[in-house]
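# Notes for the structure review
Take a look at the letters that make up each chain.
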Amino acid sequence: LAARYARWFPEPAPAASSSDLPRPGTKERDDIDAACCALASVAEVVALLGGSPIARQADAIELLERLLPSARLTPARYRAVLRDHPGALATSLRALRDAVDGRT
């Protein structure tokens, strides 16, 4: 479970500045925005559900897997966004990891 969690929600990189992001309206920016929204949704639900840290990790993975199609992201595209724009997702990843760790 820990390996799957780390793969879906890696340790956040330093946050990107707005000048480092692709222009609004591009496919790349839309994917970043969709991933951020999905991560924020998962963080909110996990914080509300509570439970042990292990249960919250499992819940976070399951929720993200269910939300990606609604966000019009495949798992491969989500991972590409993580790889290509880690700073753009840093704030969302930190919020999710805090919720899973019970720090919210």
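In what follows, the accompanying structure is described. (Residues numbered from 1 in each chain as written. Predicted model: local features only at pLDDT ≥ 70, side-chain atom pairs only at ≥ 80, totals over all residues. Heavy atoms only, no water.)

## Some points on the side chain of Arg 29
Along the polypeptide, Arg 29 turns up in helix α2 (residues 27-49). A polar contact is formed between the side chain of Arg 29 and the backbone oxygen of Pro 22, at a distance of 2.9 Å. With sequence-adjacent residues up to four places away left out, Arg 29 is seen in contact with Leu 21, Pro 22, Arg 23 and Pro 24. (Helix = DSSP H or I, 4+ residues; strand = E, 2+ residues; numbered from the N terminus. Polar contact = N/O pair within 3.5 Å; in protein donor to acceptor, adjacent residues only side chain to side chain. Contact = heavy atoms within 4.5 Å.)

## Some thoughts on the packing of α2 against helix α5 (residues 90-100)
Where α2 meets α5, the axes come as close as 8 Å, and the angle between the chain directions of the two elements is 15°. The orientation of α2 relative to α5 falls into the category roughly parallel. As α2 runs across α5, the sense of the crossing is left-handed. Seen from α2, the contacting residues are Cys 36, Leu 39, Val 42, Ala 43, Val 46 and Ala 47; seen from α5, they are Ser 92, Leu 93, Ala 95, Leu 96, Ala 99 and Val 100. (Axes fitted to C-alpha atoms, helices over the stretch in contact; angles between N-to-C directions. Parallel < 35°, antiparallel > 145°, perpendicular 65-115°, else oblique. Left-handed = near helix turned anticlockwise from the far one by under 90°.)

## Here's the deal with the nonpolar core
Counting 26 residues, the largest nonpolar core has Phe 9, Leu 64, Tyr 78, Leu 89 and Leu 96 as its most contacted members. Listing elements by their share of this core, those giving two or more residues are α1 (2-8), α2, α3 (53-70), α4 (75-84) and α5. Sort the elements by how many residues they give to this core and α2 lands first, with 9 residues. (Core = buried A, V, L, I, M, F, W, Y, C linked by side-chain atoms within 4.5 Å. Buried < 20%, exposed > 50% of the residue type's maximum accessible area, 1.4 Å probe, protein only.)

## Things to note about the packing of α2 against α3
Packing of α2 against α3 brings their axes to within 9 Å, and their N-to-C directions diverge by 140°. Where α2 crosses over α3, the two elements pack in a sense that is right-handed. Residues Ala 38, Ser 41, Val 42, Val 45, Val 46 and Leu 49 of α2 touch α3, and the partners they reach there are Arg 56, Asp 59, Ala 60, Leu 63, Leu 64 and Leu 67. Its residues assigned to classes, the contact of α2 with α3 comprises 9 nonpolar, 1 polar and 2 charged. (Nonpolar A, V, L, I, M, F, W, Y, C, P; charged D, E, K, R; others polar.)

## Considering the pattern of salt bridges
Overall, the coordinates contain 11 salt bridges when judged by the stated rule. Measuring nitrogen to oxygen at the nearest pair gives 2.9 Å for the salt bridge that ties Lys 27 to Asp 31. Placement of both Lys 27 and Asp 31 in helix α2 is noted, with a separation of 4 residues, approximately one turn of the helix. Its relative accessible area of 3% is what places Asp 31 among the buried residues. Where Asp 33 meets Arg 29, a salt bridge forms, and the shortest distance between an N and an O atom there is 3.4 Å. (Salt bridge = Lys/Arg side-chain N within 4 Å of Asp/Glu carboxyl O.)

## Let's talk about the environment of Val 100
Along the chain, the position of Val 100 falls in helix α5. Among the residues examined, Val 100 registers a relative accessible area of 0% and is labelled buried. When the C-alpha positions of Val 100 and Gln 57 are compared, they lie 6.1 Å apart, and in sequence the two are 43 residues distant. When sequence neighbours within four positions are dropped, the list of residues in contact with Val 100 reads Tyr 5, Val 46, Pro 53, Arg 56, Gln 57 and Ala 60.

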